[in-house]
Amino acid sequence: MTGATATAQRVLAQLRHDPRSIVMLLFLPSILLALFRYVFDQQPQVFARVGPQMLALFPFILMFLITSVTMVRERISGTLERLLTTPLRRGELIGGYGVAFGLVALAQSAISLVVAQWLLDLGLDRPWEALVFAILGSVVGTALGLLASAFARTEFQAVQFMPLVIIPQILVCGLLVPVDAMPEVLQWLSVVMPLTYATDAFSSLAAGEAASERVTDLVVLIGFAVGSVALASLTLRRRTP
């Protein structure tokens, strides 16, 4: 059994003993999506336009928060310091967390898509592609959470990273205003934000565009996930000073 596999099994075992976290991780994005749907019950065209992007946004935010807080808690409690005194390498440790939360992201995304497509009548033509991008959005949120946790000393500081990391992405990803209609400096900022590519992929799916239109989104999101995990492994600290 590799170190990454053992770490993933440990994290998943911890989650199994925390039913509230499991419920929140698996079902909160679907609940928020349903709430969004009924807020615009009299304006179904708004949900048809923005609803697909919510499939990327809600899991992205939730996985970022859960992952960053969990990693800081592990460091504060001394768990990381104990683990890193063993032959377990930093890359294996981060990889294990990534695998564990990636599996959670898979289940979370599948539930959200089922709720959106068949209960809320979102009407995406290619639900399996939507599932791929929903998972990628969750995984990127997880990877950024792992990276952000290296710079937080407390769980509260980890939560404070949300305004810094998440809110700017929401503002410039094209959710509120099309990217092409923004000032040029914000368009350049949008290019380096992963949420831009996740929301763009869902907008493309909702418009019924060909799969080739989403290849760039797919490659960039994978690159963001891999790059964030790699940086997290390099910046991982044994304990909080």
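Structure: see above.
Residues numbered from 1 in each chain as written. Predicted model: local features only at pLDDT ≥ 70, side-chain atom pairs only at ≥ 80, totals over all residues. Heavy atoms only, no water.

Asks: I'd love a proper account of the overall build of the protein, names of residues and values included.
Replies: Scanning the protein from N- to C-terminus turns up 11 helices and 0 strands. Based on the C-alpha atoms only, the size of the protein along its principal axes is roughly 55 × 40 × 35 Å. Counting only residues that meet the buried cut, the protein has 48% of its 241 residues in that class. Here the protein has roughly 11,700 Å² of accessible surface; of this, 68% comes from carbon and sulfur atoms. Averaging the positions of the 16 positive and the 15 negative side-chain charges in the protein gives two centres separated by 16 Å. (Helix = DSSP H or I, 4+ residues; strand = E, 2+ residues; numbered from the N terminus. Buried < 20%, exposed > 50% of the residue type's maximum accessible area, 1.4 Å probe, protein only. Areas by Shrake-Rupley, 256 points an atom, 1.4 Å probe, with all protein chains shown as cover. Lys, Arg positive; Asp, Glu negative; His and termini not counted. Charge placed at Lys NZ, Arg CZ, Asp CG, Glu CD.)

Asks: Can you explain the pattern of salt bridges? Please cite residues and give values.
Replies: Counted by the stated rule, this structure contains 6 salt bridges. In this structure, the salt-bridge partner of Glu74 is Arg10, at a minimum N-O distance of 3.0 Å. With Glu74 in helix H3 (residues 44-76) and Arg10 in helix H1 (residues 3-16), the pair connects residues that are 64 residues apart, well separated along the chain. For Arg214, the salt bridge goes to Glu129, with nearest N and O atoms at 2.8 Å. One end of the pair, Arg214, is in the loop between helix H10 (194-206) and helix H11 (215-235); the other, Glu129, is in helix H6 (residues 127-149), with 85 residues separating them in the sequence. Looking at Arg214, the relative accessible area reads 1%, which means it is buried. Among the ionic contacts, a cluster of salt bridges with common partners joins Arg126, Glu129 and Arg214. (Salt bridge = Lys/Arg side-chain N within 4 Å of Asp/Glu carboxyl O.)

Asks: Go over the packing of aromatic side chains with me, naming the residues and quoting the values.
Replies: Note on aromatic pairs: each is described by the distance of the centres and the angle between the planes. Counted according to the given criterion, the structure contains 3 aromatic pairs. Ring geometry for Tyr197 versus Phe224: centroids 6.5 Å apart, planes at 40°, classification tilted. Of the two residues, Tyr197 is situated in helix H10 and Phe224 in helix H11; the sequence distance between them amounts to 27 residues. Tyr197 gets classed as buried once you look at its relative accessible area, which sits at 13%. Within the aromatic cluster, the residues linked to one another by ring pairs are Phe36, Phe40 and Phe47. Arg37 extends its terminal NZ or CZ atom over the ring of Tyr38, reaching a point 5.3 Å from the ring centre. (Phe/Tyr/Trp six-rings, centres within 6.5 Å; stacked < 30°, edge-to-face > 60°. Lys NZ or Arg CZ within 6 Å of the ring centre and 35° of its normal.)

Asks: Just give me the short version of the packing of H1 against helix H5 (residues 90-119), but keep the residues and values in it.
Replies: The description of two packed helices rests on the angle between their axes and on the distance between the axes. Following both chains from N to C, one finds H1 and H5 inclined at 45°, their axes separated by 7 Å at the closest point. Overall, the two elements H1 and H5 adopt an arrangement that is oblique. In this structure, the crossing between H1 and H5 has a hand that is right-handed. On the side of H1, the interface is formed by Gly3, Ala4, Thr7, Ala8, Arg10, Val11, Leu12 and Leu15, while H5 contributes Glu92, Leu93, Gly95, Gly96, Tyr97, Val99, Ala100, Phe101, Leu103 and Val104. Taken together, the residues of the contact of H1 with H5 sort by class into 12 nonpolar, 4 polar and 2 charged. (Axes fitted to C-alpha atoms, helices over the stretch in contact; angles between N-to-C directions. Parallel < 35°, antiparallel > 145°, perpendicular 65-115°, else oblique. Left-handed = near helix turned anticlockwise from the far one by under 90°. Contact = heavy atoms within 4.5 Å. Nonpolar A, V, L, I, M, F, W, Y, C, P; charged D, E, K, R; others polar.)

Asks: Outline unusual backbone geometry, listing residues and values.
Replies: The phi angle at Asp121 is positive, at roughly 55°, despite the residue not being glycine. As for its position among the elements, Asp121 is in the loop between H5 and H6.

Asks: Please give an account of a nonpolar patch on the surface that cites residues and values.
Replies: Nonpolar side chains collect at one region of the surface, where Trp128, Val132, Val215, Leu218, Val219, Ile222 and Val226 lie side by side and expose about 630 Å² of accessible area between them. The element best represented in the nonpolar patch is H11, accounting for 5 residues. Among the secondary structure elements, Val132 is positioned in helix H6. For Val132, a relative accessible area of 35% translates into the label partly exposed. (Patch = residues over 30% accessible without salt bridge, like charges linked within 9 Å, V, L, I, M, F, W, Y side chains within 5 Å.)

Asks: Talk me through the environment of Gly51; I want residue IDs and the actual numbers.
Replies: Turning to its location among the elements, Gly51 is positioned in helix H3. Taking the C-alpha atoms as reference points, Gly51 and Val23, 28 residues apart in sequence, are found 22 Å from one another. Dropping the residues within four chain positions of it, Gly51 is found in contact with Leu33, Phe36, Val46 and Leu122.

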